[in-house]
Amino acid sequence: MEPVSVGLIGAGPWAGMIHAPKLAAGPDTRLAGIWARRPDAARELAARNGTRAFELLDELFDHCDAVAFCVPPGVQAELGVLAAQAGKALLLEKPLADSLDGALRLADAVAESGVPTQMVFSFRYAAATDAFLEKVAGIDPFGGYAANIGGALHGGPFATPWRLERGAILDVGPHMLDLLDAALGPISGVRAHGNSLGWVGLLLEHETGAVSEASLTMAATGDLPDARVEVFGRNGSATLFGAMLGDDAFSRMVAQFAQTVRNRGGHPLDAAHGLRLQRIIAEAERQLSA
C-alpha cells in the first residue's frame, strides 16, 4: 500500500522533535514537504528529514494528500481553513484554535469540505492509555482527578508567545480534559477558578453523572511531579502517568492518521471532538476573566 503523502506546516521545536521525523519515518506516511512562515527554518528542517521546503503554501498543497499542522493555535485556525478548502485531510494540533470563533470557523470549513481530520492528543495514542481506559471501563467509575504541573512559562523551547499569554488552560488543559472526558464520559459542565498564568482549578461534570477535578499550571518550579490522571469507581481504581506515554504513541498516531485518510474519516479524535473541548476551555477562560 502506498504511503499517504503528508505536507507539514510549521518548523518549530515540536515540528522538529515529533512531526517531521515521525511523518518521514513511514511506512504509513511520506513527508512530502514543509512550509513555514520562516523559510530558513523550513529549509533546515526539510534537509534534516529528507524532503523539500516550499516557498508558497499552495505549492505544498499541490504535492500532498494531507497536511499536518505544528503552528500556534491562531495560525492553525487560519491556515486549516485554507487546507480544508483545498481538499486536504488534516492532522491538527491541540487546541483547535486560539478562540472559540476560530475553532468554529475551522470546524465549519471541515464540515463543508468533508475532509478527514484527526487531532494530536498525545496521551490518547499511547498503549498505556488504551490499557488505562480499558481498566476504567470495568470499575464502574464515578469520579476522578487530573494534574499537569509544569514550569514551561519560565523558559525553554515551549515558552512561546501564545503560551506566555494564555497559559496552562489552553496548552496542557486540552490533554487533561480529553483524558477525563474519555474516562468518565462527555464533559457537560465546568467551573473554573484561579489564573491561567498561575494555578487553574477546574471542577467538571460529566454526562454520566460522574464528577472530576483538574489542576493545571505551567508556572511551577523545583522538583515537579509527573502529569497524572486517577479515576475511582465502585469496583476499583486506575491511574495513568505521563511517563507511561512512550515514544511509540506518536508512531501509532501517524499510523492511525494514515488510516483515517484512507477511510475518509471516522477517527474519534477529530475536529468535532476538538471543537467540543474548545467550548469547555472557552467557558473556563470566561469564568477566569470574570
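A quick note: this is a predicted structure, and the numbers were derived from the prediction, not measured. (Residues numbered from 1 in each chain as written. Predicted model: local features only at pLDDT ≥ 70, side-chain atom pairs only at ≥ 80, totals over all residues. Heavy atoms only, no water.)

Looking only at helices and strands, the protein chain has 11 helices and 11 strands in total. Radius of gyration (C-alpha) of the protein chain: 19 Å, near the 19 Å computed for a compact globule of 290 residues. Dimensions of the protein chain along its principal axes, counting C-alpha atoms only, are 55 × 40 × 40 Å. Taken over 290 residues, the protein chain has a buried fraction of 54%. For the protein chain, the accessible surface area stands at approximately 12300 Å², while carbon and sulfur atoms represent 52% of it. Across the protein chain, the 23 positively charged side chains and the 33 negatively charged ones have centroids separated by 1 Å. (Helix = DSSP H or I, 4+ residues; strand = E, 2+ residues; numbered from the N terminus. Rg over C-alpha atoms; globule rule 2.2 N^0.38 Å. Buried < 20%, exposed > 50% of the residue type's maximum accessible area, 1.4 Å probe, protein only. Areas by Shrake-Rupley, 256 points an atom, 1.4 Å probe, with all protein chains shown as cover. Lys, Arg positive; Asp, Glu negative; His and termini not counted. Charge placed at Lys NZ, Arg CZ, Asp CG, Glu CD.)

A sheet is described by the order of its strands in space; here 6 strands give the open sequence E7-E8-E9-E6-E10-E11, paired in mixed fashion. Lying at the two open borders of the sheet, with one neighbouring strand each, are strand E7 (187-194) and strand E11 (236-241). On average, adjacent strands in this sheet sit at an angle of 15° to one another, irrespective of strand direction. Sheet topology places strand E10 (residues 228-233) next to E11; 6 bridges connect them, and they run antiparallel. (Pairing = 2+ DSSP bridges. Axes fitted to C-alpha atoms, helices over the stretch in contact; angles between N-to-C directions.)

Further remarks concern the environment of Glu-44. Note that Glu-44 resides in helix H2 (residues 39-48). Between the C-alpha atoms of Glu-44 and Leu-269, which are 225 residues apart in sequence, the distance is 31 Å. A distance of 2.7 Å separates the side chain of Glu-44 from the side chain of Arg-48, its partner in a polar contact. (Polar contact = N/O pair within 3.5 Å; in protein donor to acceptor, adjacent residues only side chain to side chain.)

Regular strands place their side chains on alternate faces of the sheet. Here E10 shows one buried face, formed by Val-229, Val-231 and Gly-233, and one open face, formed by Arg-228, Glu-230 and Phe-232. Taking the residues between adjacent antiparallel strands as the criterion, E10 and E11 are bridged by 2 residues.

Below, the discussion takes up unusual backbone geometry. Here the bond from Gly-26 into Pro-27 is cis, since omega is 5°, no more than 30 degrees from zero. Residue Pro-95 follows Lys-94 across a cis peptide bond; omega there is -10°. If you trace the backbone, Pro-95 turns up in the loop between strand E4 (89-93) and helix H5 (100-113). Non-glycine residue Asp-140 carries a positive phi angle of around 50°. Turning to its location among the elements, Asp-140 is positioned in the loop between helix H6 (127-137) and strand E6 (141-149). The exposure class assigned to Asp-140 is partly exposed, which follows from its relative accessible area of 37%. Look at Arg-264: it is not a glycine, yet its phi comes out positive at around 65°. Note that Arg-264 resides in the loop between helix H10 (248-263) and helix H11 (271-289).

Let us now look at the environment of Gly-87. Mapped onto the elements, Gly-87 comes out in the loop between helix H4 (73-85) and E4. On the basis of relative accessibility, which here comes to 38%, the residue Gly-87 falls in the partly exposed class. With 17 residues separating them along the chain, Gly-87 and Cys-70 place their C-alpha atoms 19 Å apart.

A few words on the packing of H6 against helix H9 (residues 173-184). Interhelical geometry of H6 versus H9 gives an angle of 40° and a closest axis separation of 9 Å. By the angle class used here, H6 and H9 are oblique. Contacts between H6 and H9 involve Thr-129, Phe-132, Leu-133 and Val-136 from the former and Leu-179, Ala-182 and Ala-183 from the latter. Tallied by class, the residues present in the contact of H6 with H9 amount to 6 nonpolar, 1 polar and no charged. (Parallel < 35°, antiparallel > 145°, perpendicular 65-115°, else oblique. Contact = heavy atoms within 4.5 Å. Nonpolar A, V, L, I, M, F, W, Y, C, P; charged D, E, K, R; others polar.)

Let's shift gears to H4. With 13 residues, H4 extends 18 Å from end C-alpha to end C-alpha; this agrees with the ideal 18 Å at 1.5 Å per step. Taken residue by residue, H4 has Pro-73, Val-75, Gln-76, Ala-77, Leu-79, Gly-80, Val-81, Ala-83 and Ala-84 as its buried positions. One or two residues past the end of H4 sits Gly-87, with phi positive at roughly 80°. (Expected span 1.5 Å × (residues − 1).)

Summed over all chains, the structure comprises 2 aromatic pairs. Between Trp-14 and Phe-158, the ring centres sit 6.0 Å apart and the planes meet at 70°, which makes this aromatic pair edge-to-face. Here Trp-14 is found in helix H1 (residues 13-25), whereas its partner Phe-158 is found in the loop between E6 and helix H7 (161-166), with 144 residues between them in sequence. Aromatic pair Trp-14 and Phe-250: ring centres 5.7 Å apart, planes at 80°, arrangement edge-to-face. Of this pair, Trp-14 sits in helix H1 while Phe-250 sits in helix H10, placing them 236 residues apart in sequence. Its relative accessible area of 23% is what places Trp-14 among the partly exposed residues. Phe-250 sits in the buried class, given a relative accessible area of 7%. Clustering of aromatic rings is evident, with ring pairs tying together Trp-14, Phe-158 and Phe-250. (Phe/Tyr/Trp six-rings, centres within 6.5 Å; stacked < 30°, edge-to-face > 60°.)

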